[in-house]
Amino acid sequence: MRNSFLAVLTLLAVSALAFAQGVQKTGAEKEPVHPGTATPKTAEQAFKNIQSLKGVPAEQLIPAMQYFNASLGVECNFCHVTQPQWAPDKDDKEEKRRARQMIAMTQSINQGHFKGQPEVGCATCHGGLSHPRSVAPLVEEKPKPPQFRSARGQQLPSVEEVVQAYEKAIGGQPAIQKLSTRTVKATLTTSQGQTLQIELVQKAPDKTRSIITLPNGQVREQVFNGAAGWIKTARGVNEAAGPELAALRINSRFDRDLMPASGLAHTRVIGTDMVDGHECYVLRGQDPDSDFSERLYFDKQSGLLLRRASVQRTLFGPLGDSTEYSDYKEVQGVKVAFTTRRSTPETVVTRKLDAIEFNQTVDDSKFARPATQAGSGQ
Ligand code: HEC
Ligand code: HEC
């Protein structure tokens, strides 16, 4: 259930909140970047005024922009013209022209000093500020020392042991295997004080449909049918592509929380860390088909999953996203986290389950492309 809830929020972070405020932000939404074509377009083929990012896959552009937002602690309009309308191709703003110089500088630092590896990103200097400071931090401003302890010098369990302990903790494989659909109602509260309602239906292995109702009554619907995905808002229906589709696919896996490591490749137990006072084993893995990787934090004592931290690689550095799980309660033989708290660069969203049921009959027609209503703009 939190699977596609997460997918919703992946997008929510970028566009639904903007959509709630009536601001169009993602210039790429109108035209899917590569609608079913075999060779992905380059940025300059898909967009109007590309000078710095020539040759990069077009679908990498928006994730890079999201990384800029997060690194500088700004929104798209910091660099882009929004009046009289959203025109990201225009070069009128000094900040956009500065950003081009910064792109060149960052690339040259990495070329010249880090063998071309993306070691230095915008966040390395900016750290969430548009004007980075060079004053050395005072004691109370220093970031807390990390509590992560790497595998070195520690006796760690294997991936299988950690995964089995988790499966046992939530009810065991036989109970997990009985589940095939999930129907959820939940309430989301953002750190900006917005309250949203979400309704979610999922069917194994990966079909998902979710409907979010925003405080102003507007509705956002998201569907993944196992291959293609769509987002429907008041502006119309858009087919998901590129990293957006990858996020939708990953978050739509029915067993994402029931068997959290099963969709990941190259899994390893890399060390221990603390989550909310609990010592956890940290398991790392990678999504085989995309730029996403994950760290899963399993409580040493209870075996339960307490945190999932995912990272999306972008052109200039990784974008983080972390969810903490708590308030586990049993539902039809398996334990489910009734509260999750998700942090993204833009917001913190707390989700509380109001209702959850497994194995209701769900017809496949639920996962068809959302119908376009007359007058919805498409
Ligand atoms: C720190 C400045 C900065 C921020 C913040 C930023 N952008 Fe950009 N954006 C740029 C620069 C610079 C370019 C031009 C890149 C080039 O020349 O290759 C660009 C180009 C674009 C383009 C291509 C426009 C075209 O047709 O040529 C789009 C679309 C875009 N940005 C969308 C966004 C969105 C959506 C956001 C917020 C999620 C955003 N940008 C945030 C600096 C920024
Ligand atoms: C090596 C450190 C460093 C890196 C890496 C870096 N910046 Fe900067 N950036 C700075 C400094 C220093 C300033 C100037 C701050 C000031 O003028 O107060 C700045 C200023 C800017 C400004 C102008 C801010 C304003 O308010 O006018 C933008 C936009 C910007 N950077 C974007 C980026 C982007 C996008 C990246 C990644 C592609 C990046 N920077 C990478 C150090 C860096």
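Thresholds, definitions, all that
- Residues numbered from 1 in each chain as written.
- Chains lettered and ligands numbered in written order.
- Predicted model: local features only at pLDDT ≥ 70, side-chain atom pairs only at ≥ 80, totals over all residues.
- Helix = DSSP H or I, 4+ residues; strand = E, 2+ residues; numbered from the N terminus.
- Buried ≥ 20, exposed ≤ 12 C-beta atoms within 10 Å, placed from the backbone.
- Contact = placed C-beta atoms within 7 Å.
- Near = placed C-beta within 6 Å.
- Nonpolar A, V, L, I, M, F, W, Y, C, P; charged D, E, K, R; others polar.
- Core = buried A, V, L, I, M, F, W, Y, C linked by C-beta atoms within 7 Å.
- Expected span 1.5 Å × (residues − 1).
- Pairing = 2+ DSSP bridges.
- pLDDT = per-residue confidence, 0-100.

On a plain count of helices and strands, the protein chain comes out with eight helices and 14 strands. Scored against the burial criterion, the 378 residues of the protein chain give a buried share of 35%. Across the protein chain, every contact between residues at least 6 apart in sequence was considered, and the portion connecting residues at least 24 apart equals 54%.

To continue, consider the site of ligand 2. Around ligand 2 sit 17 residues, and of these Arg98, Met102, Cys122, Cys125 and His131 come closest. For the shell around ligand 2, the secondary structure elements donating two or more residues are α3 (61-72), α4 (94-113) and α5 (122-126). The biggest single contributor to the shell around ligand 2 is α4, with six residues. Considering only residue class, the shell around ligand 2 consists of 10 nonpolar, five polar and two charged.

Attention now goes to the nonpolar core. The biggest cluster of nonpolar side chains holds 20 residues, and the ones touching the most others in it are Val162, Cys280, Tyr281, Leu283, Tyr297 and Phe298. Taken together, the elements giving at least two residues each to this core come down to α6 (159-170), β8 (265-275), β9 (278-286), β10 (292-299), β11 (305-314) and β13 (334-343). Residues contacting tyrosine 281, with those up to four places away along its chain left out, are Leu156, Pro157, Val162, Val269, Thr272, Phe298 and Lys300.

What follows deals with α4. In an α-helix, one full turn covers 3.6 residues, which means residues spaced three or four apart are oriented alike. Here α4 spans 28 Å end to end across 20 residues, near enough to the 28 Å set by a 1.5 Å rise per residue. Counted residue by residue, α4 has zero buried out of 20 residues, so it is predominantly exposed. Downstream of α4 by a residue or two, lysine 115 has a phi angle that is positive, lying close to 50 degrees.

Bridge count between strand β4 (residues 207-213) and strand β5 (residues 219-224): six bridges; the pairing is antiparallel. Opposite serine 210, over in β5, you have glutamine 222 as the bridge partner. Between the end of β4 and the start of β5, which pair antiparallel, lie five residues, with glycine 217 showing a positive phi angle near 90 degrees. Sheet analysis places β5 next to strand β6 (residues 229-233), joined by four bridges and oriented antiparallel. Along β6, the bridge assignment pairs glutamine 222 with isoleucine 231. Where β5 folds back on β6, the antiparallel hairpin that results is connected by four residues, among which glycine 226 adopts a positive phi of roughly 105 degrees.

Now for unusual backbone geometry. With an omega dihedral of -5 degrees, the bond running from glutamine 83 to proline 84 counts as a cis peptide bond. In this structure, proline 84 sits in the loop between α3 and α4. The omega torsion across alanine 204 and proline 205 is 0 degrees, close enough to zero to call that bond cis. For proline 205, the position within the fold is in the loop between β3 (195-203) and β4. Look at lysine 115: it is not a glycine, yet its phi comes out positive at around 50 degrees. Along the chain, lysine 115 falls in the loop between α4 and α5. Taking the number of C-beta atoms within 10 Å as the measure of exposure, lysine 115 has 8 and is therefore exposed. Residues other than glycine seldom take positive phi values, yet aspartate 276 does so here, at roughly 55 degrees.

The next thing to look at is α3. The end-to-end C-alpha distance of α3 is 17 Å, a good match for the 16 Å that 12 residues give at a rise of 1.5 Å each. Where burial is concerned, most of α3 is hidden: 11 out of the 12 residues are buried. Within the sequence span of α3, burial applies to Leu61, Ile62, Pro63, Met65, Gln66, Tyr67, Phe68, Asn69, Ala70, Ser71 and Leu72. Of the residues flanking the end of α3, it is glycine 73, one or two places downstream, whose phi is positive at about 65 degrees.

We now examine the confidence of the model for the protein chain. Across the protein chain, pLDDT averages 88, with 88% of residues at or above 70. Here residues 1-35 scores under 50 on pLDDT; set against residues more than four positions off or in separate chains, the count is 84 contacts. Segment residues 374-378: pLDDT under 50, and seven contacts once partners within four positions in sequence are set aside and those in other chains are kept.

The buried count for β6 comes to five of five residues, which makes it a mostly enclosed element. Residues Gly229, Ile231 and Thr233 line one face of β6 and the alternating positions Trp230 and Lys232 line the opposite face, and both faces are buried. By the bridge criterion, four bridges tie β6 to strand β7 (residues 236-239) in an arrangement that is antiparallel. Bridge pairing in β7 places lysine 232 opposite valine 237.

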